[in-house]
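# Tertiary structure, described
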Amino acid sequence: MSFKLAAGLFAATLPLAAAAAPESFTVDPYHSFPYFEVVHLNTSVIRGHFEKISGKITLDSTAKTGSIELSVPTVTITTGDNDKGSRPRSRDEHLRSPDFFNVAEFPTMSYKGKATKFNGDHPATIEGELTLLGVTKPVALTVERWNCGPDPRTQGKRYFCGGNATGSFKRSDFGMKFIVGPVSDEVKLWLSVEAFRD
Amino acid sequence: MSDLLANPAVQGGVAPFVAGLLVAVLLGRFRLGGLAVAAAFATAVYFIAGFNFSPLNATRKIILLGFAAPIAGIVVDFAFRPTRLGSIILAIAAAAAAAWVFWPVLSQKELARALLPGATALLAAAWVVGYSEQRLAGDSVRTAASGLALGAGTAVAAIFGAALTYGLYGAAIAAGSGAFLLVQMITGKRSYAGATFTLSATVVTIFIASAAMILAQLPWYSVAVLALVPVAAGLPLPAGAALWLQAVLSSFYGLVVAGIACALAWHAGG
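These numbers were taken from a predicted model, which means no experiment stands behind them.

Below, the discussion takes up the pairing of strand E1 (residues 23–27) of chain A. Residue and element names in this part refer to chain A. Direction of pairing for E1 relative to strand E4 (residues 54–60): antiparallel, over a ladder of 4 bridges. Paired with Glu 23 across the two strands is Leu 59, which belongs to E4. Pairing analysis gives 3 bridges linking E1 to strand E11 (residues 186–197), with the strands arranged antiparallel. The residue bridging Val 27 from the neighbouring strand is Ala 195, located in E11.

This part covers helix H3 (residues 35–48) of chain B. All names here are of chain B. Between its first and last C-alpha, H3 extends 20 Å over 14 residues, near the 20 Å set by a 1.5 Å rise per residue. Considered for burial, the residues of H3 that qualify are Leu 35, Ala 36, Val 37, Ala 38, Ala 39, Ala 40, Phe 41, Ala 42, Thr 43, Ala 44 and Val 45. Where H3 is buried, its residues contact helix H2 (8–27), helix H4 (58–79), helix H7 (140–160), helix H8 (164–187) and helix H9 (194–215). With its phi angle positive at about 80°, Gly 50 sits one or two positions after the end of H3.

A few words on unusual backbone geometry. Pro 55 of chain B follows Ser 54 of chain B through a cis peptide bond whose omega is -5°. Position of Pro 55 of chain B relative to the elements: it lies in the loop between H3 and H4. Located in the positive-phi region is Asn 42 of chain A, a residue other than glycine, with phi close to 60°. Here Asn 42 of chain A is to be found in the loop between strand E2 (33–40) and strand E3 (44–50). Since 9 C-beta atoms lie within 10 Å of it, Asn 42 of chain A is described here as exposed. For Ala 162 of chain B, which is not glycine, the phi torsion reads 75° and is therefore positive. Among the secondary structure elements, Ala 162 of chain B is positioned in the loop between H7 and H8. On the basis of neighbour counts, which here come to 30 C-beta atoms within 10 Å, the residue Ala 162 of chain B falls in the buried class.

Residue and element names in this part refer to chain A. Here strand E9 (residues 135–150) runs beside strand E10 (residues 159–170); their pairing, made up of 8 bridges, is antiparallel. The residue bridging Thr 142 from the neighbouring strand is Thr 166, located in E10. Alignment of E10 against E11, held across 11 bridges, turns out to be antiparallel. Along E11, the bridge assignment pairs Gly 167 with Leu 189.

It is worth spelling out the nonpolar core at this point. Residue and element names in this part refer to chain B. Ala 40, Phe 41, Ala 125, Ala 157, Phe 207 and Ala 212 are the most contacted members of the largest nonpolar core, which has 140 residues in total. Broken down by element, this core gets its largest block of residues, 15 residues, from H9. Setting aside anything within four residues of it in sequence, one finds Ala 157 in contact with Ala 209, Ala 212, Leu 218, Ser 222, Leu 226, Ala 261, Cys 262 and Ala 265.

The rules we used
- Residues numbered from 1 in each chain as written.
- Chains lettered and ligands numbered in written order.
- Predicted model: local features only at pLDDT ≥ 70, side-chain atom pairs only at ≥ 80, totals over all residues.
- Pairing = 2+ DSSP bridges.
- Helix = DSSP H or I, 4+ residues; strand = E, 2+ residues; numbered from the N terminus.
- Expected span 1.5 Å × (residues − 1).
- Buried ≥ 20, exposed ≤ 12 C-beta atoms within 10 Å, placed from the backbone.
- Contact = placed C-beta atoms within 7 Å.
- Core = buried A, V, L, I, M, F, W, Y, C linked by C-beta atoms within 7 Å.

Have a look at this one:
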């Protein structure tokens, strides 16, 4: 009798054990964007984002571990100013030049990090490294919201997670020194990401 | 004071001009007045980017070449007699340096997209360095006028091509060349330019122009026109004209061609 009970309990725990295993996710490029903002001439905040992103996320809520790897094609930068009008070039064209992102020479920027703190089942802090313009420096992200569940668009057949994370860095640390001052050195990041379980 | 030194006009214009003027005055008697343009460029680099060479990207390679060029120029001036063969060797070296600077970028592109800018960069480097060394290095007025026009043209064209930092480096070369030229105009005496000046001015400007083409949006034909500036600066001048007039006319010829390159850069954007 006791053997049957033990076997039953073991069987009942199997799905939980399976759910607790590290899970791998692929970033959804259509609902994931890295946004950034800088202060312009000490007045307004200018925001922009990159239109493409790819990457992988692993998450083990039981073990409280997780990792993230993101890759961003820098040529996809946009701040909404693509029309040069009466100027020689638009702001987005300037941002792609060697003055800023130097996209011809450094077509990709990347971020690799590990979740170091959890808030319940959700990652709360990511310690990682940003590689930009060939320079790699630590950049921490704070996860502001995170949620996982069945994807309602597929009647729950797909499982996905998503949320937002914020961080900041000094662009001069990465060698992006053009008009530091008129355009703030500090760049604030706001990452919006969704990812499907593999 | 820090606000003043952070002003792009000071970083790429005023400070390089002052540095160039000091060097042109102080070192002119030692046949090293041509270092004025190197001093101007080094001053601009100090204010704009600093002396950091890691990672060694294309811009930093150009800065390194900008520092190596006057050293090579001094060696050429003091150890060798100027010959046609020497100019050809310097032209080939410039093309090789262009390949060193730009190959890592061009190799990331498809061959069809890399061929035209790559060929333009190599040929422009070889032409500008070789021609200037052969035809202008012995004439301190014409080579300074060529440096002034080439620097100014590169500055404006690079800015039109969305590369303001390169524009400031071009402006610094123009400022250093202008300082070297101004000293001659005021004193009425020719300084010694040689390869010390010519290599310093030509290497930085034509590489910056090519970088603005490959890394930003300067069209290839603007670079090709800029490469003709030394030819314009070498056009015939009125016989027996005063030195200041030679300087003005030679600069004017060069600036006209540089202006065409800038106009092409402006219209290339659409």
